[in-house]
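# Examining the three-dimensional arrangement
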Amino acid sequence: MKKTFKQKISKYTAKQIAEKIGCSMPTAYDWRSGRRCPPYWMQDILLEHMEKTTKDLQIKAKQLNISKPTWSLRGFLMSLATSRPIARLWQPPS
């Protein structure tokens, strides 16, 4: 049985969808819930873009030696601070 757009897009959070595609948060919520969906011809393009950007983030995380992908800027900066020898002198605020 072929998966619907709702089933395919629901593995991403609304925030990830909005950030990666550039749509509004209400649109991302509607797509995830199945209330609305993009035009049929655009669905595969959007899903392919989501997969590609997710894989790119995983590759970058692996290159930076981050054990799990961090989606927040603070988490990314913290991982850089602990992975670089010079940056280890900097202490993050608690």
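Residues numbered from 1 in each chain as written. Predicted model: local features only at pLDDT ≥ 70, side-chain atom pairs only at ≥ 80, totals over all residues. Heavy atoms only, no water.

## Describing the packing of helix H2 (residues 14–21) against helix H3 (residues 25–33)
Contact geometry of H2 with H3 gives a least axis separation of 8 Å together with a crossing angle of 120°. Considering the angle they form, H2 stands oblique to H3. Crossing of H2 over H3 shows right-handed handedness. Residues Ala 14, Lys 15, Ile 17, Ala 18 and Ile 21 of H2 form the contact with H3, whose own contacting residues are Met 25, Ala 28, Tyr 29, Trp 31 and Arg 32. The residue makeup of the contact of H2 with H3, split by class, is 8 nonpolar, no polar and 2 charged. (Axes fitted to C-alpha atoms, helices over the stretch in contact; angles between N-to-C directions. Helix = DSSP H or I, 4+ residues; strand = E, 2+ residues; numbered from the N terminus. Parallel < 35°, antiparallel > 145°, perpendicular 65-115°, else oblique. Left-handed = near helix turned anticlockwise from the far one by under 90°. Contact = heavy atoms within 4.5 Å. Nonpolar A, V, L, I, M, F, W, Y, C, P; charged D, E, K, R; others polar.)

## Thoughts on the confidence of the model for the protein chain
Summing up the model confidence of the protein chain, the mean pLDDT is 77 and the portion of residues at 70 or higher is 68%. Taken element by element, the protein chain is modelled with least confidence in helix H5 (residues 73–83), mean pLDDT 59, and with most confidence in H3, mean pLDDT 93. (pLDDT = per-residue confidence, 0-100.)

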